[in-house]
Amino acid sequence: RFPSPVVIGQVISYNDTRWSVFWSSSKSSRASPVISSELFYIGKHIAKENPATRNHEDIGYIIFDASSTYTMKAEVGNQTVTDYSTTVTGFPYNFAPPSFNTEPLVTVVSTATMAGGQGAFALLISTSATTLNVAVDENPTPERNHPSEEMVAFVSFATPSTFPLCEIDDLT
């Protein structure tokens, strides 16, 4: 069990040439991030893309614990973000204290909520030792602006590390 779960995921197959994006949310509302490792949804979405059907895809996900003591930070940002066209620098998420001493070597971002039904995918704009800047984007069409509805989950690694793995059966 994870006291402070952060879910990062990806569509990991290529059964359809059209785009689709991983999403996760709490069981109670897709507009809320995962708050319990026991009760959450994961899946893929295609936003408002037409046609609305896609071939089945495989998705992969990892649950990080934000309270872990490894040389990493795993969090769900505390504010909603909007599309990248409204800012060239992105929306800042400050790392929870203590910050890194230097810029993290690797940062991975993923949408953590989907309110409003449009869906989006997370973009990492930049990182520093104390902050990462993120935005979201929608399907590549002229109608790309996106409401402030998405929260972004992220995991950043300060140094190369190994982590213990657990099978899904180990979570019960």
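See above for the structure.
Treat the numbers as computed from the prediction; the structure is a model and nothing was measured.

**Student:** Please give an account of the nonpolar core that cites residues and values.
**Tutor:** Membership of the largest hydrophobic core comes to 14 residues, with the highest contact counts inside it found for V81, Y93, V109, L132, V134, V152 and F154. Secondary structure elements with two or more residues in this core: β6 (91–94), β9 (131–137) and β10 (152–157). With three residues, β9 is the largest single contributor of residues to this core. Ignoring anything within four residues of it in the chain, the contact list for V152 reads E75, V76, G77, V81, Y93, V109, S110, A112, A122, V134 and V136. Counting residues in hydrophobic clusters, the runner-up holds nine residues, among them I8, F64, A153 and V155.

**Student:** Any chance you could break down the sheet that holds β6 for me, citing the residues and the numbers?
**Tutor:** Read across the sheet, three strands follow the order β6-β9-β8 without closing on themselves; strand pairing throughout is antiparallel. Lying at the two open borders of the sheet, with one neighbouring strand each, are β6 and β8 (121–127). In this sheet, neighbouring strand axes are inclined to one another by 35° on average, regardless of whether the strands run parallel or antiparallel. Summarising the sheet, β8 and β9 pair through six bridges and their orientation is antiparallel. Paired with T127 across the bridge in β9 is L132.

**Student:** Which residues make up the pairing of β9, and what values do they have?
**Tutor:** Of all seven residues making up β9, seven are buried, and the element is well covered by its neighbours. Residues T131, N133, A135 and D137 point to one face of β9 and L132, V134 and V136 to the other, with burial holding for every one of them. As paired elements, β6 and β9 share four bridges and run antiparallel to each other. Bridged to F91 within β9 is V134. In sequence, β8 turns back onto β9 through a hairpin of three residues.

**Student:** Break down the packing of aromatic side chains for me, citing the residues and quoting the values.
**Tutor:** Taken as a whole, this structure holds six aromatic pairs when the rule is applied. Measuring from centroid to centroid gives 6.1 Å for F64 and F157, while their planes differ by 65°, and the two rings are edge-to-face. With F64 in strand β4 (residues 59–65) and F157 in strand β10, the pair connects residues that are 93 residues apart, well separated along the chain. Taken as a pair, F64 and F157 share a single burial class, namely buried. Among the aromatic residues, those joined into a ring-pair cluster are Y93, F95, F100 and F154.

Analysis parameters
- Residues numbered from 1 in each chain as written.
- Predicted model: local features only at pLDDT ≥ 70, side-chain atom pairs only at ≥ 80, totals over all residues.
- Heavy atoms only, no water.
- Core = buried A, V, L, I, M, F, W, Y, C linked by side-chain atoms within 4.5 Å.
- Buried < 20%, exposed > 50% of the residue type's maximum accessible area, 1.4 Å probe, protein only.
- Helix = DSSP H or I, 4+ residues; strand = E, 2+ residues; numbered from the N terminus.
- Contact = heavy atoms within 4.5 Å.
- Pairing = 2+ DSSP bridges.
- Axes fitted to C-alpha atoms, helices over the stretch in contact; angles between N-to-C directions.
- Phe/Tyr/Trp six-rings, centres within 6.5 Å; stacked < 30°, edge-to-face > 60°.

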